[in-house]
Structure formats: structure tokens, C-alpha cells
Amino acid sequence: MDIKPIRTELDYDAALARIDRLMGAAPDTFEADEFDVLVTLVEAYEANRWPIEAPDPISAVEHVMDARGFRQKDLAALIGSQPRASEVLSRRRPLTLPIIRALSSEWQVPADLLVREYDLAAPR
């Protein structure tokens, strides 16, 4: 096994090509072990090279609403009023701790996504 860190695009391409050739290796073999190590190295390289930022809290809420077919009225029912839901979604009102708790417990939105700072809309 000639495995080394992935530092360049050339290293990355070579690792992907080798992974391709090792695909389907029988379990508990030298090739399967090599496959596992290369996949780990590729994942680390990709995470470092092309990190994916977590969405801001409102984008996360909008994504959950879209994915689950929720509408603004569903958010309003959860947090207490239609105007408040509108203000939150339009970024005129920040998420409060009670709203974060409701979103986390009722819609299973991870609280750590919601407790991040984000920009509010400029006052009118």
C-alpha cells in the first residue's frame, strides 16, 4: 500500500482513480483496507478544500419548511402569531429562545443551527 496525504489536485485525482479500481473489494482484504484509508483521506481533503458552511438560521428554517411542505401559517401556529412568523421570515425580528426551543422540539431543527448570529433586515 503506497498511501500518502492528499495535498494537490493531482493527488486527489489519483486517489479517486484508485478508489474507483478498488470499488467492490472483498471485505477483510488488503484492498478493502486500502479503499477505507483512501476514502478517509479523500473526505478529509474535500472537507478542507471545499468546506460547506452551515446555513444561517432563517435559511435553515426556510429549508425545513420547504422540505416538509410547511407554510408560513404552520410557523405562525408554532410560534404564536402570523405577524411574528412574517417578521421572523423577513428577518425583521430575530429568533428568540422560545422560538428556537419550539422549532427544535416540534420540527426537530437542530438548536445549534438556530443559535447562530445572522443579519437582520435594515429597519424601514
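Analysis parameters
- Residues numbered from 1 in each chain as written.
- Predicted model: local features only at pLDDT ≥ 70, side-chain atom pairs only at ≥ 80, totals over all residues.
- Heavy atoms only, no water.
- Helix = DSSP H or I, 4+ residues; strand = E, 2+ residues; numbered from the N terminus.
- Rg over C-alpha atoms; globule rule 2.2 N^0.38 Å.
- Contact = heavy atoms within 4.5 Å.
- Areas by Shrake-Rupley, 256 points an atom, 1.4 Å probe, with all protein chains shown as cover.
- Lys, Arg positive; Asp, Glu negative; His and termini not counted.
- Charge placed at Lys NZ, Arg CZ, Asp CG, Glu CD.
- Buried < 20%, exposed > 50% of the residue type's maximum accessible area, 1.4 Å probe, protein only.
- Salt bridge = Lys/Arg side-chain N within 4 Å of Asp/Glu carboxyl O.
- Arc of directions from axis to C-beta.
- Polar contact = N/O pair within 3.5 Å; in protein donor to acceptor, adjacent residues only side chain to side chain.

Undergrad: Residues and numbers for the overall build of the protein, please.
TA: Counting its regular elements, the protein contains 7 helices and 0 strands. Starting at the N terminus and walking to the C terminus, you meet the elements of the protein as α-α-α-α-α-α-α. Taken against the 2.2 N^0.38 rule, which gives 14 Å for 124 residues, the C-alpha radius of gyration of the protein at 22 Å runs more than 25% over that of a compact globule. On the principal axes, the C-alpha backbone points of the protein span a range of 60 × 30 × 20 Å. Nonlocal contacts in the protein, meaning residues at least 24 apart in sequence, comprise 57% of its contacts between residues at least 6 apart. When the accessible surface of the protein is totalled, it reaches about 8,500 Å², and 52% of it is carbon and sulfur. Charge centroids of the protein, computed over 15 positive and 22 negative side chains, lie 12 Å from each other.

Undergrad: So what about unusual backbone geometry? Which residues, and what values?
TA: A positive phi is found at Asp-28, a non-glycine position, where the angle reads about 60°. Tracing the backbone shows Asp-28 in the loop between helix 1 (9–22) and helix 2 (30–49). On the accessibility criterion, Asp-28 (79% relative accessible area) is exposed. Positive phi, normally seen in glycine, also occurs at Arg-91, with a value near 65°.

Undergrad: Account for the pattern of salt bridges, with residues named and values stated.
TA: Under the defined criterion, the tally for this structure stands at 5 salt bridges. The partner of Lys-4 in a salt bridge is Asp-11, with the nearest N and O atoms 3.4 Å apart. Among the ionic pairs, Glu-87 bridges to Arg-93, the shortest N-O distance being 2.8 Å. The class of Glu-87 is partly exposed, set by a relative accessible area of 25%. For Arg-93, a relative accessible area of 28% puts it in the partly exposed group.

Undergrad: Could you give me a rundown of helix 5 (residues 82–89), with the residues and numbers involved?
TA: Ala-85, Val-88 and Leu-89 are the residues of helix 5 that are buried. Considered in projection along helix 5, the buried side chains sweep an arc of 90° and stay on one side of the axis. At its buried positions, helix 5 is contacted by helix 3 (57–68), helix 4 (72–79) and helix 6 (97–107). Between the side-chain oxygen at the start of helix 5 and the backbone nitrogen of Arg-84 there is a gap of 3.1 Å, and the oxygen is on Ser-81. A positive phi of about 65° marks Arg-91, the residue just after helix 5.

Everything listed here is a matter of coordinates, which is why it stays silent on function.
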